[in-house]
Amino acid sequence: MGSHEGERLLLEDGHLQDEGNGLYTGDGSVDIKGNPVLKQNTGNWRACPFILGTECCERLAYYGIATNLVTYLTSKLHEGNVAAARNVTTWQGTCYLTPLIGAVLADAYWGRYWTIAVFSTIYFLGMCTLTLSATLPALIPPECVGSSCPTASTSQYAVFFFGLYLIALGTGGIKPCVSSFGADQFDDTDARERVKKGSFFNWFYFSINIGALISSSFIVYIQDNAGWGLGFGIPALFMAVAIASFFSGTPLYRFQRPGGSPLTRMCQVLVASFRKWNLNIPEDSSLLYETQDKVSAIEGSRKLDHSDELKCLDKAAVISEAEVKTGEFSNPWRLCTVTQVEEFKILIRMFPIWATGIVFSAVYAQMSTMFVEQGTMMDTSIGSFTIPPASLSSFDVISVIFWVPIYDRFIVPFARRFTGKERGFSELQRMGIGLFLSVLCMSAAAVVEIYRLHIANELDLVDKEVAVPISIFWQVPQYFLLGAAEIFTFIGQLEFFYDQSPDAMRSLCSALSLLTTALGNYLSSFILTVVTYLTTQGGKSGWIPDNLNSGHLDYYFWLLAGLSFINMVVYMNDGSGVHTGDGSVDSKGRPALKNKTGQWKACSFVLGTFFCERLAFYGISTNLVNYLLDTLHEGTVDAATAITNWKGTCYLTPLIGAIIADTYWGRYWTIAGFTIVYLIGMCTLTLSASVRALEPAACVNSVCPEATTAQYAVFITGLYLIALGTGGIKPCIWPFGADQFDDSDPQERVKKGSYFNWFYFSQNIGAIIASSLLVWIQGDVGWGIGFGIPTAVMGVCIASLFLGTYLYRFQKPGGSPLTRICQVLVASYHKRNLKVPEDDSLLYETQDISSAIAGSRKLEHSNELRCLDKAALVSDAEIECGDFSNPWRLCTVTQVEELKILIRMFPIWATRIVFSAVYAQMSTLFVVQGKLMDRVVGSVTIPAASLSFFNFVSVIIWVPIYDTIIIPIVKKYTGKERGFSQLEPAAVVEIKRLQLVRELGLVDEEVAVPLSILWQIPQYFLLGAAEVFTFIGQHEFFYEQAPDAMRSLCSALSLLTNSLGSYLSSLILTIVTSITTQGGSPGWIPDNLNEGHLDYFYWLLAGLSLLNLLVYMVFSRRY
């Protein structure tokens, strides 16, 4: 549905540009005299206080009657529980049914202002009549004598219900108009005023509940303790104040002209489409009838764009041959405009969402009926003060008053960062949250009733119609939950029905919104009647007898909770949705529907998959150096080299996965296939660490036997199968997650930026478990189980991926990106002697809207690297033969631009290699350094590899800070390195450690130095902060800048920097070892680090990092 709002906003784009900042409003509003209105003198928040004041007083009057009405019916008119509840819900239903009358009058004839004015007077007369019926003794039945309570006479009932239903009629002109009239004060064509309008709906509901709070506390207390005459008289007085407040703001209001009867226009569409049922609808929608003027033929309405849904109704706008011949287009019963047809379509599309509001309203109706009756059978006293049961509804109101400012000032800005929506959540998302809360509300009410009946049974009060000694404050949670549900559902409903409605039908759509409340009350009455009938069969007391102690009101509440849950499920599946605009498809190859696929609902499975895979990967890699040193008995340099080579391979194999994904399988099936390989590798590695024949013998004294060839073979096979498995996951998993957000939708693009942050967050949650729990298990329990747990988690990873299949959006593979790159190079070489034209429109490109490359959109020509443009030059020979199909001789502009993008990205890509070499030290030399430090804290020995825990903690701290604080402040820096030098703290720690070595005479002894391993925390923490900025920025950069059909390849190129960084680290280690061990010296990094200079190695990497930063700054400025 949200897209239809977007369509309308696009239609208004001309107004937005031309009139959005003008002196006059751009939405056609006028002043009280019918003149165009000046923005600065009318509307906006200067007019809204009068409307909000009117609504506050009117709601105080309404709730002053409605809140405690069930008590008046049972105590004064002597009705039973079921009859009273039925009468209240029927009256409340009528209050929400009559708005259809007011809406038609407002939209068709009077306009919203005069409809409110006239119906307010009727409302006031009803209030006065009701006050008289509760004041004059002749109009009130006699009091009960013992258990004998005389019923009200016909005339007493007549006066009471006449006043009550005059109020119901009066609400019919106020309810559908006042919220719409308030929203009319904000110009729809002004982006700033549109944002304010979203806030208006929140504060409109806030003002409603201020009135309701006074009613449910002060007015209810007066009614129960001072008398019903005064208790009804005060609301009548406030209704008079409401009328005065409304008229006071008249000079400041903006008015929308009525556009004629919306019901008539709907009938015209149905009649016209039926008359032309045998005509064919043209493929070109521009052939359908629409006025040629800028404005719509419907007064007070803008034109609406044609939509492809409900095409049968388009027949009403088909121009027949007879009409062409006669030139008669003025009979709307035979020919309707596209705008008129689209109005009707909008109402039909809104229907499923509208229908799900009925059950919620049935739940809400319990607040003034069953919640009150439940409260009368509980302890209502606090000391000497007795609380009227109906006053507990004040907690519902307090909940609303509490949540409105919280929602408007905190939740909306916070949610906006994730959703990209002006109002935080879409109206549909907001309503969905409210429906979920309604389930919790009824469940809470049922639990309270179960406990109340339990106490009644224990105290033998089942057959006694007396209150149970359980405090009425047990009801507070259900009222509070209902208030929270209101904030999301009712305000979302107000926004939805105003924003989605056609201009000239806004009062009608507001009335339809209110109609759900009417039908909800009628549904509540119907359910009560059915439940009472069914449960009283055979002389039983039923679920809801007059003495609730002998009934089962809890069953009734559970019934409503169940209906609410079913309603929520139906709601979540409502609407046919609209398709994504980026060419993505669903699991069956059909165009993907926005509301049923992708976004965060699909990303939860992607993030779960990645979390498990990273836990498995870090469960192996974090402590692998210790396995090589302690179990396979390798030396320090050999172990560090083996790990960096393996890690380099882990980041090199993604090139294989990327090419397969972009060319043949697509990202989903590539991930699926390679995870199986990954799991096999994990199982092999676990066997190599579990079966004794596959492990070398333990060291005896200082003699450590080497692993056999077979033992190495099994271990290395498992390790490099994992490396191959990562090749299909790493380059595909985060682009696949990003594919779940539609690039053509601005709101989804904003969410995608947030996705990259939380993607990296999920990776580090897995890593933190691996670097703490799994490292401890490997060091203290055993390597078999230490590798076995990551293997089991990898199985969970595969399950998580497949579980989300039906929610995913899939991008079709676009053919081999390497082939396309080669084609551009070959074609440009073939035409090296041709001259590139000044006019780039002469370069070859397909004439279709979409690109010739599957899964890719067209790219615009750029003026860089013009030598490559020769590949898109159309030669004379090609023109003569008309053959443009050989891509090895002629490429499209899009194909050439793909290669240009890769070349432009190269310098940025290259600067990442040194950073990756720095990062590689975390699982190698940082661990080796930690092993020669004091690892005892109290009675616990910390595994050296566990210090990487602080790196991951750093990431987990920085990601939310980066996403919610840094991005809004310095948004322009997103995706760029911050220039942290991560190795200076490591070098300082090593200098301190070596100083202690010399002082204690430990240079020649391979023993730990009494310097706490916790000194390493700063270097891990800084490395984590650097990760957040560099790696997340890299993910965004390589996804956003990549051509559509090369995203897996660019992802792999991004990961290739990790591979080359690991290889660079191995190369530097080898060179440093070779140079520093000349002449028989131990070198910088001997097996016994106490006699080496690891600090020099760290300073070397810090210097390279600084040089790399300077190079990066030069190229990033030029990009």
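Residues numbered from 1 in each chain as written. Predicted model: local features only at pLDDT ≥ 70, side-chain atom pairs only at ≥ 80, totals over all residues. Heavy atoms only, no water.

Draft legend 1. Summary view of the packing of helix α22 (residues 654-690) against helix α23 (residues 709-738). α23 packs onto α22 with a crossing angle of 145° between their chain directions and a minimal axis gap of 6 Å. By crossing handedness, the relation of α22 to α23 is classed as left-handed. (Axes fitted to C-alpha atoms, helices over the stretch in contact; angles between N-to-C directions. Helix = DSSP H or I, 4+ residues; strand = E, 2+ residues; numbered from the N terminus. Left-handed = near helix turned anticlockwise from the far one by under 90°.)

Draft legend 2. Here's a closer look at the environment of asparagine 202. Its location among the elements puts asparagine 202 in helix α8 (residues 191-225). Since its relative accessible area comes to 3%, asparagine 202 is described here as buried. The sequence separation of asparagine 202 and tyrosine 407 amounts to 205 residues, and the corresponding C-alpha distance is 8.3 Å. What asparagine 202 contacts, discounting residues up to four positions off in sequence, is Val404, Tyr407, Asp408, Arg430 and Ile491. (Buried < 20%, exposed > 50% of the residue type's maximum accessible area, 1.4 Å probe, protein only. Contact = heavy atoms within 4.5 Å.)

Draft legend 3. Highlighting the nonpolar core. Judged by nonpolar contacts, the single largest core of 126 residues is most densely connected at Trp91, Phe160, Phe371, Tyr556 and Phe557. In contact with phenylalanine 160, not counting residues within four places along its chain, are Leu69, Tyr72, Leu73, Leu77, Leu130 and Ser133. (Core = buried A, V, L, I, M, F, W, Y, C linked by side-chain atoms within 4.5 Å.)

Draft legend 4. Main features of unusual backbone geometry. Phi at glutamine 599 takes a positive value of approximately 55°, unusual for a residue other than glycine. Of note, glutamine 599 is situated in helix α19 (residues 599-621). Residue glutamine 599 is classed as buried on the basis of its relative accessible area, which comes to 14%.

Draft legend 5. Seen up close, the packing of helix α12 (residues 338-364) against helix α15 (residues 427-458). Taken N-terminus to C-terminus, the directions of α12 and α15 make an angle of 30°; their axes are 10 Å apart at the nearest point. It follows from the interaxial angle that α12 and α15 lie roughly parallel. The interaxial crossing formed by α12 with α15 has left-handed handedness. Contacts between α12 and α15 involve Ile353, Thr356, Phe360 and Val363 from the former and Leu428, Met431, Gly434, Leu435, Ser438 and Met442 from the latter. (Parallel < 35°, antiparallel > 145°, perpendicular 65-115°, else oblique.)

Draft legend 6. Molecular detail of the pattern of salt bridges. Tallying each qualifying case throughout the model produces 15 salt bridges. When the shortest N-O distance is used, the salt bridge between arginine 59 and glutamate 58 registers 2.7 Å. Grouping residues by exposure puts arginine 59 and glutamate 58 together as buried. In this structure, the salt-bridge partner of lysine 345 is glutamate 342, at a minimum N-O distance of 3.1 Å. Taken together, the residues span about one helical turn, with lysine 345 and glutamate 342 both in helix α12 at a distance of three residues. We classify lysine 345 as buried; its relative accessible area is 0%. Residue glutamate 342 is classed as buried on the basis of its relative accessible area of 2%. In this structure, a network of salt bridges that share partners links the residues Glu55, Glu58 and Arg59. (Salt bridge = Lys/Arg side-chain N within 4 Å of Asp/Glu carboxyl O.)

Draft legend 7. Fine view of the packing of aromatic side chains. Within this structure, the stated rule accounts for 48 aromatic pairs. Their ring planes at 80° and their centres at 5.3 Å tell us that tyrosine 62 and tyrosine 63 sit as a pair that is edge-to-face. Take tyrosine 62 and tyrosine 63: they sit in the same class, and that class is buried. Seen in terms of ring centroids, phenylalanine 181 and phenylalanine 246 are 6.0 Å apart; in terms of plane orientation they differ by 55°. Their pairing is tilted. In this pair, phenylalanine 181 sits in helix α7 (residues 154-183) while phenylalanine 246 sits in helix α9 (residues 228-248), placing the two residues 65 residues apart along the sequence. A relative accessible area of 1% means that phenylalanine 181 is categorised as buried. Its relative accessible area of 2% is what places phenylalanine 246 among the buried residues. Connected via pairs of aromatic rings, a cluster forms that spans Tyr72, Tyr157, Phe160, Phe161, Tyr165, Trp228 and Phe232. (Phe/Tyr/Trp six-rings, centres within 6.5 Å; stacked < 30°, edge-to-face > 60°.)

Draft legend 8. Focus on helix α3 (residues 44-66). Over its 23 residues, α3 runs 32 Å from end to end, which matches the ideal 33 Å to within 8%, given 1.5 Å per residue. The buried fraction of α3 amounts to 18 of the 23 residues, a majority that puts the element mostly inside the structure. (Expected span 1.5 Å × (residues − 1).)

Draft legend 9. Fine view of a nonpolar patch on the surface. On the surface, a cluster of nonpolar side chains totalling about 600 Å² of accessible area is made up of Leu1106, Leu1107, Leu1110, Val1111, Met1113, Val1114 and Phe1115. Note on placement: valine 1114 falls in helix α34 (residues 1094-1118). A relative accessible area of 45% means that valine 1114 is categorised as partly exposed. (Patch = residues over 30% accessible without salt bridge, like charges linked within 9 Å, V, L, I, M, F, W, Y side chains within 5 Å. Areas by Shrake-Rupley, 256 points an atom, 1.4 Å probe, with all protein chains shown as cover.)

Draft legend 10. The confidence of the model for the chain, seen in detail. Here the chain averages 78 in pLDDT, and 81% of its residues register 70 or above. Considering only residues more than four positions removed or in separate chains, one finds that residues 1-21, a stretch of pLDDT under 50, has 45 contacts. In the predicted structure, residues 971-990 sits below a pLDDT of 50 and forms 52 contacts with residues beyond four places in sequence or in another chain. (pLDDT = per-residue confidence, 0-100.)

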